Amino acid sequence: MPKPKKRGSNHQRGAGGQPRSVQPFSDEDASIETMSHCSGFSDPASFTEDGPEIDEEATQEDLEYKLKGFIDLTLDKSAKTRQAALESLKNAFSSKILYEFIMERRMTLTDSIERCIKKGKSDEQCAAAGLACLLCVQMGSGIESEEIFKTLGPVLKKIVCDGTASIQARQAELYSTMECLENIFTKAYQRDRDTNGVSSTHNTVLHISALLAWTLLLTICPMNEVKKKIEMHLHKLPSLLSCDDLNMRIAAGETLALLFELARETDADFFYEDMELLTEKLRALATDGNKHRAKVDKRKQRSVFRDVLRAVEERDFPTEMVKFGPERMYIDCWVKKQTYDTFKDILGSGMQYHLQSNDFLRNVFELGPPVMLDAATLKTMKISRFERHLYNSAAFKARTKARSKCRDKRADVGEFF
């Protein structure tokens, strides 16, 4: 007799069975669809010279079909399935522009996110909060984003203020009002460590996230509100420079640099009373050589606090250049750096793509409308593989010579004899 089929052996099981198997949104999906959907914005280096033609309409339909499936799975009974679906949607939203698709389903997505935040556990709440951020980035600065924030804002604020909620969930859901954020990170001002867990590692991470989110919101506040916040926190923030956690020291240092920049913009004759004591602290951190700290941590700390010290003492900022496709963007102030770092944390590897084609991001950084380039122009801009190999070889050779010269002690002999 043939053996009877086992119950529940199908790929998807009913209620009470095992969670569904979710095929995550892969990098291959992103690269293929990005090329077809927005080829005019892509980096010239991403094109092959004689690549096969792609059916854009079919690729777009396949993508939308996958995304619809992920949206449906956010309502699944299994927490694992819901979390995997949220992560897949995050990957898709960070790697391409899907304005029309999201516009038609924004209410469904908002309801799914709200449901996951309310009923989910720590990891699911983090994924849902991250998806909420990406949803607002995709929708831009219009009425739709305001509606999403009005719906999700109270839910996020409740979790932020809930001391019994998990630390990870509270950390991911900090984009709420500045009052809530201040209530969180001002606890780090306390020097006396009591026994209620204030000095724990998890709470330190939460305080860092709150401080960075608060700093970002401060950059878009009116000047009269900025003055109030500076008067309230500028004399207290230096106490965080003595924190044991490296990331807290760096966050406090960068926030101080940004506050000084804003204070000098609001008042050209701004004067800080404890400038000498503050610069001594910053100089000590910029030249820190304590042996009990890891070399990587010391190197990172010295690099950051050299820039912070220059900002506080000399009102100077080391300009950075960001390349994306044929365009360039210069980060020339602490406000712009804070904004760029925040979006980079949200979008991850999709930051360059969104800088090229996301109208909202281009408006934030004042980049103007997206640059439209056809395939023929992109091909002319593309460097051949052989030329790229020659360039890399020459750069490697020059770099090796320069480093060898610095490392060789005998190079200094000629200076003395």
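Here we summarise the structure given alongside this text. None of these values were measured; they are calculated from a predicted model. (Residues numbered from 1 in each chain as written. Predicted model: local features only at pLDDT ≥ 70, side-chain atom pairs only at ≥ 80, totals over all residues. Heavy atoms only, no water.)

### What to know about the packing of helix 11 (residues 246–266) against helix 14 (residues 334–347)
Phase 1: At their nearest, the axes of helix 11 and helix 14 sit 9 Å apart, and the two run at 135 degrees to each other. Between helix 11 and helix 14, the crossing angle belongs to the class labelled oblique. When helix 11 is examined against helix 14, the residues Glu254, Ala257, Leu258, Glu261 and Leu262 are found in contact with a partner set consisting of Trp334, Val335, Lys337 and Gln338.
Phase 2: Its residues assigned to classes, the contact of helix 11 with helix 14 comprises 5 nonpolar, 1 polar and 3 charged. (Axes fitted to C-alpha atoms, helices over the stretch in contact; angles between N-to-C directions. Helix = DSSP H or I, 4+ residues; strand = E, 2+ residues; numbered from the N terminus. Parallel < 35°, antiparallel > 145°, perpendicular 65-115°, else oblique. Contact = heavy atoms within 4.5 Å. Nonpolar A, V, L, I, M, F, W, Y, C, P; charged D, E, K, R; others polar.)

### With respect to the side chain of threonine 219
Phase 1: Along the chain, threonine 219 turns up in the loop between helix 9 (201–218) and helix 10 (223–233).
Phase 2: Assessed through its relative accessible area of 19%, threonine 219 is described here as buried.
Phase 3: The contacts of threonine 219, once residues within four sequence positions are left out, are Leu258 and Val335. (Buried < 20%, exposed > 50% of the residue type's maximum accessible area, 1.4 Å probe, protein only.)

### Observations regarding the pattern of salt bridges
Phase 1: Taken as a whole and assessed by the stated rule, the structure comprises 12 salt bridges.
Phase 2: Ionic pairing is found between lysine 90 and glutamate 87, a salt bridge with its closest N-O pair at 3.8 Å. Of this pair, lysine 90 and glutamate 87 are both found in helix 3 (residues 79–95), 3 residues apart, which corresponds to roughly one turn of the helix.
Phase 3: When salt bridges with common partners are traced through the structure, they connect Glu254, Lys337 and Asp341 into a single cluster. (Salt bridge = Lys/Arg side-chain N within 4 Å of Asp/Glu carboxyl O.)

### Digging into helix 10
Phase 1: Those residues of helix 10 lying buried are Val226, Lys229, Ile230 and His233. Taken around the axis of helix 10, the buried residues stretch over an arc of 100 degrees, which confines them to a single face. The exposed set on the far side of helix 10, more than 90 degrees from its buried face, consists of Lys228 and Glu231. (Arc of directions from axis to C-beta.)

### Considering the pairing of strand 1 (residues 320–324)
Phase 1: The pairing of strand 1 with strand 2 (residues 327–331) spans 5 bridges and is antiparallel. Looking at strand 2, one finds that methionine 321 is bridged to tyrosine 330.
Phase 2: Between the end of strand 1 and the start of strand 2, which pair antiparallel, lie 2 residues, with glycine 325 showing a positive phi angle near 65 degrees. (Pairing = 2+ DSSP bridges.)

### What about the state of the cysteines?
Should the sulfur atoms of two cysteines be covalently bonded, the bond is a disulfide.
Phase 1: Counted according to the given criterion, the structure contains 0 disulfides.
Phase 2: Cysteine cysteine 133 shares no disulfide, and the gap to the nearest cysteine sulfur, in cysteine 136, comes to 7.1 Å. (Disulfide = S-S within 2.5 Å.)

### Considering the packing of aromatic side chains
Two numbers describe a pair of aromatic rings. These are the distance of the centres and the angle of the planes.
Phase 1: Taken as a whole and judged by the stated rule, the model has 7 aromatic pairs.
Phase 2: Between the aromatic rings of tyrosine 340 and phenylalanine 365, the centroid separation amounts to 6.3 Å while the plane-to-plane angle is 70 degrees, which identifies the pairing as edge-to-face. Here tyrosine 340, found in helix 14, pairs with phenylalanine 365, found in the loop between helix 16 (359–364) and helix 17 (375–381); they are 25 residues apart in sequence, far enough to count as distant. As far as burial versus exposure is concerned, tyrosine 340 and phenylalanine 365 are alike and both buried.
Phase 3: Consider the rings of phenylalanine 343 and phenylalanine 365, whose centres lie 6.2 Å apart with planes at 65 degrees: the pair is edge-to-face. Taken together, the positions of phenylalanine 343 in helix 14 and phenylalanine 365 in the loop between helix 16 and helix 17 put the pair 22 residues apart, joining distant regions of the chain. (Phe/Tyr/Trp six-rings, centres within 6.5 Å; stacked < 30°, edge-to-face > 60°.)

Bear in mind that shape data such as this cannot, by itself, settle questions of function.
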